[in-house]
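Chain by chain, the residues:
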Amino acid sequence: MSDNLKKKWYVIKAISGQESKVKSYIEDEVRDNGFQESIGKVLVPIEKIIQMRKGKRIHREKVHYPGYVMVEANLEGEAVHAIKNVPGVINFLSEGKGGGAIPIPMRKEEVNKMLGKINELSAESYETINIPFIVGETIKVTDGPFTGFNGTIEKINEEKRKLELSVLIFGRKTPLELNFTQIEKI
């Protein structure tokens, strides 16, 4: 229990796009070299999003803090060097320059916010949707009785996941309300 009290959360700068690899490399390092006493949890906050591409929903995971990995550690002894030598790790977020740089632990509020955010992001499974459309944009209807018609977006209702658009039919503007899945960009 006393070892756990000495552990603090630190931020590691990593090569962007390789956060998950860095996390697994650090976990391997802990397992293979017996750093369980010095290094605790390793986190890469990820949020799940839905994007619309060509009228289809695509589920994606997006790194919440690109280029950063959070690690709970007691940075005494070999643990610092073990983490710094992991492929993809640039350095610790630290104070000072060069060899005298001292890794700065995260503040308690930051840790609670980060851990709360991670729990919130995982509990929220695919609730947010990236809306690739903007008001005034011209789009093509891909589903329903107006398939093949082009229209201009008048209004976006994020909660209902619907769009209000006007379609030119026989020279007159006709208002329509469609789902995000019934349209695509031109």
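The structure under discussion appears in the preceding block.
Thresholds, definitions, all that
- Residues numbered from 1 in each chain as written.
- Predicted model: local features only at pLDDT ≥ 70, side-chain atom pairs only at ≥ 80, totals over all residues.
- Heavy atoms only, no water.
- Salt bridge = Lys/Arg side-chain N within 4 Å of Asp/Glu carboxyl O.
- Helix = DSSP H or I, 4+ residues; strand = E, 2+ residues; numbered from the N terminus.
- Buried < 20%, exposed > 50% of the residue type's maximum accessible area, 1.4 Å probe, protein only.
- Core = buried A, V, L, I, M, F, W, Y, C linked by side-chain atoms within 4.5 Å.
- Contact = heavy atoms within 4.5 Å.
- Pairing = 2+ DSSP bridges.

Student: Quick question: what am I supposed to make of the pattern of salt bridges here?
Tutor: Once their charged atoms are close, side chains differing in charge can pair, the charge on each being opposite to the other. Inspection of every chain in the model, using the stated rule, returns six salt bridges. In this structure, Glu27 and Lys23 form a salt bridge, with 3.2 Å as the shortest nitrogen-oxygen distance. Residue Glu27 and its partner Lys23 are located together in helix H2 (residues 19-33), separated by four residues, close to a single helical turn. With a relative accessible area of 36%, Glu27 lands in the partly exposed category. By relative accessible area, Lys23 is classed as partly exposed at 25%. Its salt-bridge partner being Arg107, residue Glu110 comes within 3.8 Å of it at the nearest N-O pair. Three or more residues are tied together by salt bridges with common partners; here these are Asp28, Arg31 and Asp32.

Student: What should I look at first to understand the nonpolar core in this one?
Tutor: The nonpolar side chains of soluble globular proteins are, as a tendency, buried together. By size, the foremost hydrophobic cluster in this structure holds 21 residues, and its most contacted members are Ile12, Ile26, Ile39, Val71, Ile83 and Phe92. Only strand E1 (8-14), H2, strand E2 (39-43), strand E5 (68-73), helix H3 (79-84) and strand E6 (89-92) provide two or more residues apiece to this core. Per-element tally for this core: the top contributor is H3, with four residues. Residue contacts for Ile39: discarding those within four places in its chain leaves Lys7, Ile26, Val30, Val71, Glu72, Ala73, Ala79 and Ile83. In terms of nonpolar packing, the next biggest core, distinct from the first, is built from 13 residues, Ile139, Val167, Leu176 and Phe180 among them.

Student: Before we go on, may I ask you to explain the pairing of E5 in this structure?
Tutor: Walk down a regular strand and you will see the side chains alternate between the two sheet faces. When you tally the buried positions in E5, you get five out of six residues, the bulk of the element. The pairing of E1 with E5 spans six bridges and is antiparallel. By the bridge assignment, Lys8 is partnered in E5 with Ala73. Where E2 lies against E5, three bridges are found, and the strand directions are antiparallel. Opposite Val42, over in E5, you have Val71 as the bridge partner.

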